[in-house]
Number of protein chains: 2
Amino acid sequence: MDIEQFRRAGYQAIDRICDYYISLRNRPVIPQVEPGYLRKLLPASAPTVGEDFQLIADDYQKYILPGLTHWQHPSFFAYFPAACTFESILGELYASSTSNPGFNWSVGPVCTELEAVVMDWSAQILGLDRSFYNTTEVGGGVIQATACDAALVATVAARSRYIREHPQVPMEKLILYTTTQTHSLGKKAGLILGLKVRALPVTAEDEFALRGENLEVALKEDADAGLHPFILIATVGTTSSGGVDKLDEIGVVVKENHPSVWLHVDAAWAGVALVCPEYREVCQLAAINSYADSFCTNFHKWGLIHFDASCLWVRHRTHLTDALDVTPEYLRSKRGDDGTAIDYRNWNLNLSRRFRSLKFWFVLRSRGTEGFQKHITDCIKLNDQFAQGIRKSDQFSFVAKPFLALTVFRLAPESLSHPTTPELNALNRAFYARLAARSDIAFTQTELNGVFCVRMAIGTERTVEGDIDRALAVVGEEGRIALRKWERMQAEVGLCWVP
Amino acid sequence: MDIEQFRRAGYQAIDRICDYYISLRNRPVIPQVEPGYLRKLLPASAPTVGEDFQLIADDYQKYILPGLTHWQHPSFFAYFPAACTFESILGELYASSTSNPGFNWSVGPVCTELEAVVMDWSAQILGLDRSFYNTTEVGGGVIQATACDAALVATVAARSRYIREHPQVPMEKLILYTTTQTHSLGKKAGLILGLKVRALPVTAEDEFALRGENLEVALKEDADAGLHPFILIATVGTTSSGGVDKLDEIGVVVKENHPSVWLHVDAAWAGVALVCPEYREVCQLAAINSYADSFCTNFHKWGLIHFDASCLWVRHRTHLTDALDVTPEYLRSKRGDDGTAIDYRNWNLNLSRRFRSLKFWFVLRSRGTEGFQKHITDCIKLNDQFAQGIRKSDQFSFVAKPFLALTVFRLAPESLSHPTTPELNALNRAFYARLAARSDIAFTQTELNGVFCVRMAIGTERTVEGDIDRALAVVGEEGRIALRKWERMQAEVGLCWVP
């Protein structure tokens, strides 16, 4: 493909992306395909002779688009949002056009320089303490692919620091703390590193948040058992319920009595809400700023910058470089040797890195702080609308207090007298199965301390009030059908039926 | 930004990318900026109110482009190439326009489906054994971000398998094998996992390749010392010299006498040359197919698909999923539960994943196998041209045998009588410093068993014969100046001067 062919194919791509967004609302959210559908449609091998690009571009429309789940659809309420803005797409386009692996300052100076700047801009709009800024030359921020990567990097840094302080402790005695509500990234970090993981229990009464006293008890138990907790992955805005660990209590426990324990705060989803001053208290910003050794939030979830755009800030960059720096001769450079520039490769797992800061720069500038704030508050208003509908209905109840733009609820009809948890779980599994069978709207299932429930997460820019009304109508209708079927089945098998 | 604004900004982006490629040859390869240059040019904070996108797009030209090292420049011969083709840029553009985190089959069926297909297509064009194909449902291929990720995943899988077979072995007794020429990814995997690493020595006589007998000796030594080697990261095409470990010998040692040791073959750069049948023997394809537990090559280096596009194939996918699968309730899905689809999240470190298979599909189709072969042979021809120039000169000598599209050489003028290695190293450091100070061409330094040398790696599509002539002229000229200065200095300080 030469330059003029690229120009034509590029214009067409832009036009077709416009068409996609124009038609998005009328597409199904969930594709109607079965596993293996694509292999049946494609040849078994790459062609020997190259094909005309127009054919390939047309095949994208024909074979690829119909197999996509549309995360940008206004009725996509599953998992967490995966923001995708036009400015961000343009950022990726410009960045990919020069494909620079940016592993050293010298192999792409602007890649490092811009990352250092936009991470400071981002820290500032979120209200993070100055000690997390790159300008301190002590702490700093780095873009990772995902919150999994960020947590893994923090865990490696924490382990490395702990082992330096306690060189006699064998790996088998180290233990990573999460809670039962921490994202699977905690368990995965433990699996990858081959370390013990302990998930501390949390209760519905505490709104699924870890308390300082529970942490203190666990730390004592493990010390008595000869184990060495070296990191706690705490959460602001858990996946299942939006719970916020009591960082004010936890921070005191860790910093006053157990300073060798690293505190990593994972706010992958909720962290971007810190852009609004009115949510900083509920998101425990003061405690993050006082106590966190590292903090992560994903702009690629609710933050208008598309995947991958996970931010990791640390208080001491040397904890990363001490743990991750390997510099062979062929990676040495004048700027690295004289220490005048950040070499971000030593702040993450990989050597080569995509030029991800460009999309941050585009979106932060194009929207401004006010644009971010408006996006967050718009979504929260829509969630209030949804939660209000759930609150008023006699069909549903909350399983957790609605938080920011997340509502976790279940079918719990007032018409049922004293249902047991297993009965309600069975009813809700049937209810969710009905929702999941629809292609025009998407939710996610979860379980909170044995209670099966449904998550509604709002976050795309295209969702408007009418979509929330429709979502309420859909859950209302599917809830009624699920209940009717369930009652009929119960009548048939007898009142004592328990799944 | 609304749809029509995106259309305009998108067209402009395409046009400006065309302009970039039209002007590329006339740009400096290396930017003339100092650390911290960008921060001085940009505001200290993100704007409060959003800015007009035209201003941002213009600032990209003004502030970003001048700070880039141009890896696509025809005179970029540093490190390894970072291929960037128009088809690949279009693949990224379409993929980013729908931003789908694709962690499950069900959250973006086509993301999983297409990855499974293009990894089989890629395996096939490289001549990999069928046991690496996804269609076997036993082995399979997955796209990782980098060869670092691929090696780390392989190491985690190997450790997990080893510990299952030897549950009594403590982590402190495990040891990861590399050679002294293995890429830093080996040492980094050890650092991340907190495991011992042993770099087995290789010699210039063996062309910097690991021999079976040396491996056997090391295995015996470590067994006697109570250590447990569990993985060997071998290389086809080492970074410093293009060395190829003797996989035929190594494979026999490992598979016959030490079957618990995992053999990972890192062919990050050279692996794509397997597309040409004539290079399969020299790249040890038969031994890869007979003995490797896992194999990695990066299409984002020499393979026309831009970063990130690292391929990892394994013989047994359960070794990955046994080591990496964590499935909480909110990630469960019908398709995952019933096992009818791959859940690629359990084949890598991260949960969310970019839709990277699309650019593979675009490039593999647009170029066809013949297009790939032509690109590889064109580059190798250019390297032959360069190597011929070095061979004929009385200034330079090879430090390693030229391999594929890599030549490693040093200044070793015939006019010098019996120079010592330290003397030649000092002369070559001065020579390389002159090359590194130029902005119109880029090479990389390295060291091979104490010998300082210069690497010339060819790989962009835009490099033509004239660029090679110019590169020869540049090294010739800089070599003469470096020698003249060195001789003058030697005359001044006396003949016995040793740096």
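Values in this document were obtained by computation on a predicted structure and should not be read as measured data.

With that settled, the discussion passes to the pairing of strand β10 (residues 444–448) of chain A. All names here are of chain A. Counted residue by residue, β10 has 4 buried out of 5 residues, so it is predominantly covered. By the bridge criterion, 5 bridges tie β10 to strand β11 (residues 451–457) in an arrangement that is antiparallel. Bridging across to β11, E447 finds its partner in F452. Here β10 folds back onto β11, and the loop between the two strands holds 2 residues, one of which, N449, carries a positive phi near 45 degrees.

What follows deals with the packing of aromatic side chains. Enumeration according to the criterion identifies 49 aromatic pairs over all chains in this entry. Summarising the aromatic geometry, the rings of F362 of chain A and F53 of chain B are spaced 5.3 Å apart at their centres and angled 85 degrees between planes, so their arrangement reads as edge-to-face. Of this pair, F362 of chain A sits in helix α14 (residues 357–392) while F53 of chain B sits in helix α3 (residues 53–64), each in a different chain. Since its relative accessible area comes to 9%, F53 of chain B is described here as buried. Ring centres of Y21 of chain B and F86 of chain B lie 5.1 Å apart, and the angle between their planes is 80 degrees; on these two criteria the pair is classed as edge-to-face. Taken together, the residues Y21 of chain B in helix α1 (residues 3–23) and F86 of chain B in helix α4 (residues 86–98) connect sequence positions 65 residues apart. Comparing Y21 of chain B with F86 of chain B, the two get one shared label, buried. Directly above the ring of F86 of chain A sits R462 of chain A, whose terminal nitrogen or CZ lies 5.9 Å from the centroid. Its end group placed over the ring of F80 of chain B, R455 of chain B keeps NZ or CZ at 4.7 Å from the ring centre.

Before going further, it helps to spend a moment on the side chain of R356 of chain A. Residues and elements named next belong to chain A. With respect to the helices and strands, the residue R356 is situated in the loop between α13 (334–337) and α14. Classification of R356 by relative accessible area gives buried; the value is 7%. When neighbours within four sequence positions are excluded, R356 is seen to be in contact with I143, Q144, A145 and D308.

Glancing now at the packing of helix α15 (residues 421–437) of chain A against helix α16 (residues 465–493) of chain A. All names here are of chain A. It is at 9 Å that the axes of α15 and α16 come closest, and there the two elements cross at 130 degrees. As the angle between them shows, α15 and α16 are arranged oblique. Classified by chirality, the crossing of α16 by α15 is right-handed. Every residue of α16 that contacts α15 at E423, A426, L427, A430, F431, R434 and L435 is listed here: V474, V475, E478, G479, I481, A482, L483, K485, W486 and Q490. Classifying every residue of the contact of α15 with α16 gives 11 nonpolar, 2 polar and 4 charged.

Moving on, we come to the UniProt feature "modified residue: N6-(pyridoxal phosphate)lysine" (unreviewed entry) in chain A. All names here are of chain A. The UniProt record marks K301 with the feature "modified residue: N6-(pyridoxal phosphate)lysine" (unreviewed entry), using the residue numbering of this structure. Along the polypeptide, K301 turns up in helix α11 (residues 299–302). With residues near it in sequence (within four places) discarded, K301 still touches F80, P81, A82, A83, A268 and W269.

Before going further, it helps to examine the relation of the copies chain B and chain A. Least-squares fitting of chain B to chain A yields an RMSD of 0.0 Å, with the superposition described by an axial translation of 0.0 Å and a rotation of 180 degrees. Considering both components of the superposition, the chain copies are consistent with a two-fold axis.

The full count for this structure, using the stated rule, is 64 salt bridges over all chains. Put simply, D15 of chain B and R7 of chain A hold a salt bridge, and the shortest N to O gap is 2.8 Å. You can see D15 of chain B sitting in helix α1 and its partner R7 of chain A sitting in helix α1 (residues 3–23), one on each of two chains. Residue K255 of chain A pairs with D293 of chain A through a salt bridge whose shortest N-O separation is 2.9 Å. A residue pair is termed long-range when its members are at least 10 positions apart, and K255 of chain A in helix α9 (residues 247–257) and D293 of chain A in the loop between α10 (285–291) and β6 (294–298) qualify at 38 residues. Shared partners join several salt bridges into a network, and the residues in it are E92, D308, R354, R356 and K359 of chain A.

Right, let's talk about the environment of A151 of chain A for a bit. All names here are of chain A. Inspection of the secondary structure assignment puts A151 in helix α6 (residues 147–165). Of the residues examined, A151 reaches a relative accessible area of 0% and is grouped as buried. Between the C-alpha atoms of A151 and A199, which are 48 residues apart in sequence, the distance is 15 Å. Among residues more than four places away in sequence, those in contact with A151 are L185, I233 and H264.

The next thing to look at is the interface of chain B and chain A. Contact residues are listed per partner, giving 148 residues for chain B and 148 residues for chain A. For the pair chain B and chain A, the summed buried surface comes to about 13000 Å²; carbon and sulfur atoms form 64% of the total. Taking the shortest distance from any N to any O, the salt bridge between R365 of chain B and E51 of chain A comes out at 2.9 Å. Along the contact surface separating chain B from chain A lie 61 residue pairs in polar contact (both at pLDDT 80 or more). Among the elements that make up the side of chain B that touches chain A, the one with the highest residue count is α1 of chain B (16 residues). Residue composition of the side of chain B that touches chain A, by class: 78 nonpolar, 40 polar and 30 charged.

This part covers the domain arrangement of chain A. By a frequent convention, interface size equals the accessible area lost on bringing the separate parts together. The domains assigned to chain A are domain 1 (3–68), domain 2 (100–355) and domain 3 (366–493). Centre-to-centre, using C-alpha coordinates, domain 1 of chain A lies 38 Å away from domain 2 of chain A.

Right, let's get into the environment of A78 of chain B. Residues and elements named next belong to chain B. Tracing the sequence through the fold places A78 in the loop between α3 and α4. Take A78: its relative accessible area is 3%, and that puts it in the buried class. Here the alpha-carbon distance between A78 and R455, two residues 377 residues apart in the chain, equals 7.0 Å. Setting aside residues up to four positions removed in sequence, A78 forms contacts with A442, F443, T444, R455 and A457.

This paragraph deals with helix α7 (residues 185–193) of chain B. Residues and elements named next belong to chain B. In terms of burial, α7 is a largely internal element, 7 of the 9 residues being buried. Within the sequence span of α7, burial applies to L185, G186, K188, A189, G190, I192 and L193. Count one or two residues on from α7 and you reach G194, which has phi positive near 70 degrees.

Here the focus is the environment of L193 of chain A. For L193 of chain A, the position within the fold is in helix α7 (residues 185–193). Separated by 142 residues in sequence, L193 of chain A and E51 of chain A have C-alpha atoms that sit 45 Å apart. Discounting residues that sit within four places of it in the chain, L193 of chain A has contacts with L152, T155, V156 and R159 of chain A together with R159, M171, I192 and L193 of chain B.

The omega torsion across F307 of chain A and D308 of chain A is 5 degrees, close enough to zero to call that bond cis. Within the secondary structure, D308 of chain A sits in the loop between α11 and β7 (310–314). Of note, the phi angle at S99 of chain A is positive, near 25 degrees, even though the residue is not glycine. One non-glycine residue with positive phi stands out, namely H418 of chain B, at about 50 degrees. A residue is classified by how much of its surface remains accessible, and H418 of chain B, at 76% relative accessible area, is exposed.

Residues and elements named next belong to chain B. Within the open sheet, the 4 strands sit side by side as β8-β9-β11-β10. Their pairing is antiparallel. Edge positions in the open sheet fall to β8 (396–398) and β10 (444–448), since each of these has one partner strand only. When the angles between neighbouring strand axes are averaged without regard to direction, this sheet yields 45 degrees. Sheet topology note: the β8/strand β9 (residues 406–411) ladder contains 3 bridges and is antiparallel. Looking at β9, one finds that F396 is bridged to L411. Docked against the sheet, helix α14 (residues 357–392) engages β8, β9 and β11 (451–457), running at close to 20 degrees with respect to β9.

The rules behind the values
Residues numbered from 1 in each chain as written. Chains lettered and ligands numbered in written order. Predicted model: local features only at pLDDT ≥ 70, side-chain atom pairs only at ≥ 80, totals over all residues. Heavy atoms only, no water. Buried < 20%, exposed > 50% of the residue type's maximum accessible area, 1.4 Å probe, protein only. Helix = DSSP H or I, 4+ residues; strand = E, 2+ residues; numbered from the N terminus. Pairing = 2+ DSSP bridges. Phe/Tyr/Trp six-rings, centres within 6.5 Å; stacked < 30°, edge-to-face > 60°. Lys NZ or Arg CZ within 6 Å of the ring centre and 35° of its normal. Contact = heavy atoms within 4.5 Å. Axes fitted to C-alpha atoms, helices over the stretch in contact; angles between N-to-C directions. Parallel < 35°, antiparallel > 145°, perpendicular 65-115°, else oblique. Left-handed = near helix turned anticlockwise from the far one by under 90°. Nonpolar A, V, L, I, M, F, W, Y, C, P; charged D, E, K, R; others polar. UniProt positions renumbered as here; feature names shortened; annotations may be inferred. Least-squares fit on C-alpha atoms with pLDDT ≥ 70 in both. Salt bridge = Lys/Arg side-chain N within 4 Å of Asp/Glu carboxyl O. Buried area = accessible area lost by both parts, 1.4 Å probe. Polar contact = N/O pair within 3.5 Å; in protein donor to acceptor, adjacent residues only side chain to side chain. Domains from an automatic or database assignment.

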